[in-house]
Amino acid sequence: MMAAFCSGNAQQLFKPGEVWNDVDGVPVNAHGGGVLFDKGKYYWFGESRARFGTEGVGVYSSTDLHNWRREGLAFIPDSDTTSEVGRGCVIERPKVLYNKKTGKYVMWFHLELRGKGYSAARAAVAVSNNVTGPYTYIGSFRPNGNMSRDMTLYQDNDSTAYQIYSSDENYTLRIVKLAPDYLSATAEDYFMFRNHREAPAVFKHDKKYYLITSGCTGWAPNQAALHVADSLTGPWKELGDPMRGADALHTYGAQSTFVLPVQGKKDAFIFMADQWNPKNLVNSRYVWLPIQFNKGVPFVEWSANWSLEGFDRR
Ligand code: DGJ
């Protein structure tokens, strides 16, 4: 499979599902994450996990997508447990965008309140002058009153940005346009589809928007789905399961989290997913695989190791 991605004498290989150490030899702790490219560097934000609980949002930097340096916790829960982001709250699926107009970095994440399970279903926002933080908490809310659990952010070419979120007990996926400063949601809030999906990851290719999601089976892996639309606000059409090869039906034991555009390479995207370990969340692993296109339609194929150079050989 994937001759383009496997062969050659690549120095650096991605090894999906294997332990991935940072440059200090410590496993990367950035789950349910996303990557921002800013001023020549990639920044990987994700859930910094203890065995079960939340330490906050971890951030790593890299210039080559292989060697990641931990920059610390970009967002730290309050020590005051009466605060809504106090220790014991749940912080999941953090994503960060840079706002050109304000010059600030804006983080959104899924927030659940201490001791309340997944019932709060809120989106939370924090802001910083520096990409690695510290991010200052702004507040949390349900966008236009809608439950908001798994989420991602997407910034379009014209700098308008959107939150895509699992709503209505995860039965419905919705998209809401952010305010120009990205610090709140506007009333432009659209229904995408009703299909009991979560873990949304969006990208744009050839004037079309693509969305990869998972089903809703807790931490257990399930079958992915691909949707396409001409406009982010829809209508969205289902194209089936984009995964190919061994264990494709369970997304290779993983769950989507983000699609990362590779800088300086045309039509080069990496599918990022989490292989959750619910017995010890900090030991969850990462599955990164290249997105390929067949007659313009994206698909993802399993490979035990692959190289970025494959994008140049297609
Ligand atoms: C699936 C979600 O995608 C995860 O982010 C997390 O909320 C788990 N469910 C919790 O069971």
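Residues numbered from 1 in each chain as written. Predicted model: local features only at pLDDT ≥ 70, side-chain atom pairs only at ≥ 80, totals over all residues. Heavy atoms only, no water.

Draft legend 1. Examining the pairing of strand β9 (residues 151-155) more closely. Burial of β9 is extensive: 4 of the 5 residues sit out of reach of the surface. Here β9 runs beside strand β10 (residues 161-167); their pairing, made up of 5 bridges, is antiparallel. Among the inter-strand pairings, M151 is bridged to a residue of β10, identified as Y165. Taken together, β9 and the strand that follows it, β10, pair antiparallel across an intervening segment of 5 residues, in which S159 is found at a positive phi of about 75°. (Buried < 20%, exposed > 50% of the residue type's maximum accessible area, 1.4 Å probe, protein only. Helix = DSSP H or I, 4+ residues; strand = E, 2+ residues; numbered from the N terminus. Pairing = 2+ DSSP bridges.)

Draft legend 2. Molecular detail of the environment of Q163. Residue placement: Q163 occurs in strand β10. Look at Q163 and you get buried, because its relative accessible area is 0%. The spatial distance from the C-alpha of Q163 to the C-alpha of G17 is 28 Å, given a sequence separation of 146 residues. Those residues in contact with Q163, other than ones at most four positions away along the chain, are W108, A123, P143, S148, M151, T152, L153, R174, I175, V176 and L178. (Contact = heavy atoms within 4.5 Å.)

Draft legend 3. Quick peek at the sheet that holds strand β8 (residues 136-141). Across the sheet, which stays open at both edges, the 4 strands sit in the order β5-β6-β7-β8 with antiparallel pairing between neighbours. This sheet does not close on itself; its edge strands, each paired only once, are β5 (90-99) and β8. This sheet shows a mean twist of 20° between the axes of neighbouring strands, independent of strand direction. Bridge count for strand β7 (residues 122-128) against β8 is 5 bridges, and the pairing is antiparallel. Opposite V127, over in β8, you have T136 as the bridge partner. (Axes fitted to C-alpha atoms, helices over the stretch in contact; angles between N-to-C directions.)

Draft legend 4. Broad picture of the site of the ligand. The full set of residues close to the ligand is E92, R93, Y118, D150, E198, G218, W219 and Q255. A distance of 3.4 Å separates a nitrogen atom of the ligand from a polar atom in the backbone of G218. Contact with the protein chains covers 89% of the free accessible surface of the ligand, which is 290 Å². (Near = heavy atom within 4 Å. Polar contact = N/O pair within 3.5 Å; in protein donor to acceptor, adjacent residues only side chain to side chain. Areas by Shrake-Rupley, 256 points an atom, 1.4 Å probe, with all protein chains shown as cover.)

Draft legend 5. Fine view of the nonpolar core. Judged by nonpolar contacts, the single largest core of 41 residues is most densely connected at W44, L65, I212, L260, I270, W288 and W306. Elements represented by at least two residues in this core include exactly β2 (41-49), β13 (198-205), β14 (208-214), β15 (225-229), β18 (255-261), β19 (269-275) and β20 (285-294). The next biggest cluster of nonpolar side chains, apart from the first, holds 19 residues, and it includes A74, F109, A124 and V131. (Core = buried A, V, L, I, M, F, W, Y, C linked by side-chain atoms within 4.5 Å.)

Draft legend 6. The packing of aromatic side chains, seen in detail. Enumeration over the complete set of coordinates arrives at 26 aromatic pairs. Both rings, one in F75 and one in Y137, keep their centres 6.0 Å apart while their planes meet at 45°; by these two values the pair is tilted. With a gap of 62 residues between them, F75 in strand β4 (residues 69-75) and Y137 in strand β8 connect regions that are remote in the sequence. Both rings, one in F203 and one in Y210, keep their centres 5.4 Å apart while their planes meet at 25°; by these two values the pair is stacked. Judged on exposure class, the residue F203 and its partner Y210 are both buried. A connected cluster of aromatic rings, assembled from ring pairs, spans F5, F14, W20, W44, Y60, W68, Y286, W288, W306 and F311. The ring of Y98 carries the charged tip of K39 above its face, separated from the ring centre by 4.8 Å. (Phe/Tyr/Trp six-rings, centres within 6.5 Å; stacked < 30°, edge-to-face > 60°. Lys NZ or Arg CZ within 6 Å of the ring centre and 35° of its normal.)

Draft legend 7. Seen up close, the pattern of salt bridges. Overall, the coordinates contain 13 salt bridges when judged by the stated rule. The partner of R49 in a salt bridge is E47, with the nearest N and O atoms 2.9 Å apart. On the basis of relative accessibility, which here comes to 1%, the residue E47 falls in the buried class. Among the ionic pairs, R93 bridges to D150, the shortest N-O distance being 3.1 Å. Residue R93 is located in strand β5, and its partner D150 is located in the loop between β8 and β9; the two are separated by 57 residues in the primary sequence. A single burial state applies to R93 and to D150, both of which are buried. Among the ionic contacts, a cluster of salt bridges with common partners joins E47, R49 and E92. (Salt bridge = Lys/Arg side-chain N within 4 Å of Asp/Glu carboxyl O.)

Draft legend 8. Representation of the sheet that holds β10 within the structure. With antiparallel pairing, the 4 strands of this open sheet are ordered in space as β9-β10-β11-β12. Looking along the sheet, the strands with just one partner apiece sit at the ends: β9 and β12 (185-194). When the angles between neighbouring strand axes are averaged without regard to direction, this sheet yields 25°. The pairing of strand β11 (residues 172-178) with β12 spans 6 bridges and is antiparallel. Bridge assignment links L173 to a residue of β12, and that residue is F193.

All quantities given are derived from atomic positions and should not be read as evidence of function.
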